[in-house]
Amino acid sequence: MKIKIRGLEFSYNSISALKGVSMDINEAEVVAVVGPNGSGKSTLLKCINRILYPQRGVVLIDGRNINDLSQVEIAKAMGYVPQSVRQLFPATVFEVVLMGRKPYLTWKCSKGDIEKVIEALKTLNIEDIAMRDFNALSGGQQQKVLIARALAQEPEILLLDEPTANLDIKHQLEVMEIIKMIVEERKITAIIAIHDLNSASKYADRIFMMKDGKIFAVGSPKRVLTPNNIEKVYGVKAEIAEFDGRLCVIPIKPVNYVSSKPKPPT
Ligand code: ADP
Ligand code: MG
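What counts and what doesn't
- Residues numbered from 1 in each chain as written.
- Chains lettered and ligands numbered in written order.
- Predicted model: local features only at pLDDT ≥ 70, side-chain atom pairs only at ≥ 80, totals over all residues.
- Heavy atoms only, no water.
- Buried < 20%, exposed > 50% of the residue type's maximum accessible area, 1.4 Å probe, protein only.
- Helix = DSSP H or I, 4+ residues; strand = E, 2+ residues; numbered from the N terminus.
- Pairing = 2+ DSSP bridges.
- Right-handed = clockwise from strand over helix to strand, strands pointing away.
- Near = heavy atom within 4 Å.
- Polar contact = N/O pair within 3.5 Å; in protein donor to acceptor, adjacent residues only side chain to side chain.
- Areas by Shrake-Rupley, 256 points an atom, 1.4 Å probe, with all protein chains shown as cover.
- Nonpolar A, V, L, I, M, F, W, Y, C, P; charged D, E, K, R; others polar.

(A) Quick peek at the pairing of strand S8 (residues 189–193). Counted residue by residue, S8 has five buried out of five residues, so it is predominantly covered. Side chains Thr-189, Ile-191 and Ala-193 of S8 all project onto a buried face; the interleaved residues Ala-190 and Ile-192 project onto the opposite face, where all are buried too. As paired strands, strand S3 (residues 30–34) and S8 are joined by four bridges and run parallel to one another. Residue Ala-32 lies in a different strand from S8, and its bridge partner there is Ile-192. As defined by bridge partners, strand S7 (residues 157–161) adjoins S8 across five bridges and the pair is classed as parallel. Within S8, the residue paired with Asp-161 across the bridge is Ala-193. On the question of chirality, the crossover connecting S7 to the parallel S8 by way of helix H6 (residues 169–186) is right-handed.

Laid out in structure tokens, this is it:
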């Protein structure tokens, strides 16, 4: 599914979080949304998924305005993995993933629904914890369960808000590889808000870099992850190295950083 966003504006009361965001996202594309804390990444994902209603602007999926779609149609089109995991009511992992089938359920779940849940658990490699209590899992395990829940929804668009934030490096790589594989196999679109610029560079086809509720730069990782952009957006001096054909961002120091070490006497 193609996504076209035009002039999106959203404010939380007096705080303006999105100040006119426009984006075009292609089918089967992995897009990373990067930017400092508070730049509007989570708000953007929530407006695309209509968890929040933007005050201005439109979101079109395959040419259809999401305002003309029902909640069930939106849920069938888009799966959303939230940034923070709150405690859910007591439920097993299996039950949490089954919730992803909600848009498809009649008054009971079918054999097909159960099969989709099992498939999603297998994709994330978490069948072994299917009967565990969700609330008792580690942050990383919970994150995988929430991704499985979004997959069980069989969406054509996956929205992921910092899916690797709670994970150690092995699980970070695993989750990003799984997302990439799903996108390629199912030809779906993934929009990933992510802090780790090196993961963004490795896995995203294109990067949207946000600053203060606006898109500051967009394009290939090579085009967006430049020392100049990183300094302007994050206030950090960084060097960019190339390793194995991809970019690595090496943060050096904050701009205007004054070392606390005493100066040697002159
Ligand atoms: P990011 O995900 O990039 O860190 P957010 O979209 O969460 O950014 O936040 C964008 C701006 O909106 C920030 O200034 C943040 O403080 C503000 N904001 C986010 N959520 C709320 C909320 N529930 N109420 C008020 N302000 C909020
Ligand atoms: Mg956020």
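(B) Just the site of ligand 1, in detail. Close to ligand 1 lie Tyr-12, Ile-15, Ala-17, Pro-36, Asn-37, Gly-38, Ser-39, Gly-40, Lys-41, Ser-42 and Thr-43, which account for all nearby residues. The side chain of Ser-42 places a nitrogen or oxygen atom 2.8 Å from an oxygen atom of ligand 1. A distance of 2.5 Å is found between an oxygen atom of ligand 1 and a side-chain nitrogen or oxygen belonging to Thr-43. Here ligand 1 loses 62% of its free accessible area of 560 Å² to cover by the protein chains. Those elements that provide at least two residues to the shell around ligand 1 are strand S2 (15–25) and helix H1 (41–48). Per-element tally for the shell around ligand 1: the top contributor is H1, with three residues. The class makeup of the residues in the shell around ligand 1 is four nonpolar, six polar and one charged.

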